[in-house]
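Structural characterization, general
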Amino acid sequence: MNILEDIRVLDFGRYIAGPYCAALLGDLGAEVIRVERLNGSEDRFVHPLKDDGGEGAMFMQMNRNKKGMTLNPTKEGSSEIVKKLVESADVVVANLPPQTLKRMGIDYETISKYNPGIILTTVSAFGAGGPYSERVGFDGVGQAMSGAAYLTGNDDEPIKAYSPYIDYGTASLTAMGTLAAIIEKQKTGKGQVVEGALFATSLAFMNTHLIEQSITKKNRKAIGNRSPYAGPVDMVETKDGWIVVQVLGDTLFKRWANLLGEEDLLSDERFSTDINRGINGKILSKKTSEWASQYTNEEALNLLAEASVPAGPVNDLQDALDDPHVKAMNFFQDIEYPGIPGKSPVMGLPVKLSNSDNIIKKRPPLLGEDTDEILGNLGFSEEDIKDFRDKRII
């Protein structure tokens, strides 16, 4: 069952926040049309999968389950296409600044005249209405400005996370907001604007720490992989690799102490609460490190699993792909794409719904692959389409 099978989404997005939002809607069964520049949008070529360039890994992930068309909506003569596309659609996704939306003719004021029920899902760096609203920004800006980079790594250098989690988080939250807007539209027939912002997401994800700072003024600093709130929490080295161990709460601390033969610590005031264990985390990390150094990764993780202490291996990328649980759960689907050697392991919706398919039904589109079909279905003739192409509108 395709939950959103009657919903059409126009994806004018770039990079991650917009395209991933649209991809999630496509995973749920919506018909998603990716609208790109005539020469291909920038994100088509990010992380190229061949030495001579071409389509990249980002495009493989973000554009599953989508049709693809090319369009220059700023070119004279394009407004008729934009109008008919919007009239046929339920949702427009665009992670573009407000001034760019207006220039492209896909701002809410314009498209709601074509279709009063249209939902415009936008993502910007900072959101509308504040002093930074016209600024542009990527994931790293959100990580830096929310305090996340400051508290990551060690206190001599701020470090941002390698994975752009603010982009993915914003895309996921705006997809949720779009689903809510679709439900509202089904009740009232009215469309609306769904607005996401990278900075807002980054503050939401750091909110626990910001609340603590507001109340206690602790001005915490980065302490590597340890936690100031509990212990032992750290990455430690084994005979043949690294593992992460995370102990939170009295029950887990007792299990850890029993496993390591450190029962005396259970009556030590320095380790009587999570906060005390966080304050004295260096001691607990050292004991965990000394224990882990006796074992291989597999041996240490098996012992921790038997004791029900949360732990996992520190994988490199190939380790993550080869993980037996990843393979058993079929998290990735191997996707073939013309011109790319081998198969790309693409992950679809990372949530299972028991009454729905959770498979990728369509590989990402070639540049402009479905343009003629889409325009034909909108009522444009072959002659019209040839004229649009000759004028470089499509």
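So, here is what we can say about the structure in this document. Just so it is clear, the model here is predicted, and its values are computed rather than measured. (Residues numbered from 1 in each chain as written. Predicted model: local features only at pLDDT ≥ 70, side-chain atom pairs only at ≥ 80, totals over all residues. Heavy atoms only, no water.)

A few words now on the environment of isoleucine 81. If you trace the backbone, isoleucine 81 turns up in helix H3 (residues 79-88). Isoleucine 81 sits 116 residues away from alanine 197 along the chain, and the two C-alpha atoms are 29 Å apart. The contact partners of isoleucine 81, leaving out residues within four places of it in the chain, are Met69, Leu71, Leu375, Phe380, Phe388, Ile393 and Ile394. (Helix = DSSP H or I, 4+ residues; strand = E, 2+ residues; numbered from the N terminus. Contact = heavy atoms within 4.5 Å.)

Time to look at the pattern of salt bridges. Here the structure, examined in full by the defined rule, presents 25 salt bridges. Between aspartate 27 and arginine 64 there is a salt bridge, and its shortest N-O distance comes to 2.7 Å. Taken together, the positions of aspartate 27 in helix H1 (residues 17-27) and arginine 64 in the loop between helix H2 (57-62) and strand E3 (66-70) put the pair 37 residues apart, joining distant regions of the chain. The two residues aspartate 27 and arginine 64 agree in class, both being buried. Measuring nitrogen to oxygen at the nearest pair gives 3.9 Å for the salt bridge that ties aspartate 107 to lysine 102. Classification of lysine 102 as exposed rests on a relative accessible area of 52%. Salt bridges here are not isolated pairs; linked through shared partners, they connect Arg8, Glu31, Lys67 and Glu373. (Salt bridge = Lys/Arg side-chain N within 4 Å of Asp/Glu carboxyl O. Buried < 20%, exposed > 50% of the residue type's maximum accessible area, 1.4 Å probe, protein only.)

The subject of this paragraph is helix H12 (residues 281-292). Over its 12 residues, H12 runs 16 Å from end to end, which matches the ideal 16 Å to within 8%, given 1.5 Å per residue. Turning to H12, its buried residues are Gly281, Leu284, Ser285, Thr288, Trp291 and Ala292. The buried side chains of H12 occupy one side of the element, clustering within an arc of 125 degrees when seen end-on. Opposite the buried face of H12, by more than 90 degrees, sit the exposed residues Lys282 and Lys286. The elements touched by buried residues of H12 are strand E9 (233-237), strand E10 (242-246), helix H10 (250-260), helix H11 (274-279) and helix H13 (297-306). (Expected span 1.5 Å × (residues − 1). Arc of directions from axis to C-beta.)

Here the bond from glycine 231 into proline 232 is cis, since omega is -5 degrees, no more than 30 degrees from zero. You will see that histidine 47, though not glycine, has its phi angle at about 55 degrees, which is positive. Relative to the elements of secondary structure, histidine 47 occurs in the loop between strand E2 (31-36) and H2. Even without a glycine there, the phi angle at asparagine 219 is positive, about 50 degrees. Counting through the fold element by element, asparagine 219 comes out in the loop between helix H9 (207-216) and E9.

Turning to the nonpolar core, a few remarks are in order. Met69, Leu71, Ile81 and Leu375 are the most contacted members of the largest nonpolar core, which has 28 residues in total. For this core, the secondary structure elements donating two or more residues are E2, H3, strand E4 (91-94), helix H4 (98-104), helix H16 (371-377) and helix H17 (382-390). Element by element, the count of residues in this core is highest for H3, at four residues. Contact partners of methionine 69, with chain neighbours within four places excluded, come to Ile33, Arg34, Val35, Glu36, Ile81, Leu85, Gly368, Thr371, Ile374 and Leu375. Counting 23 residues, the second largest nonpolar core, distinct from the first, contains Ile7, Cys21, Leu25 and Val91. (Core = buried A, V, L, I, M, F, W, Y, C linked by side-chain atoms within 4.5 Å.)

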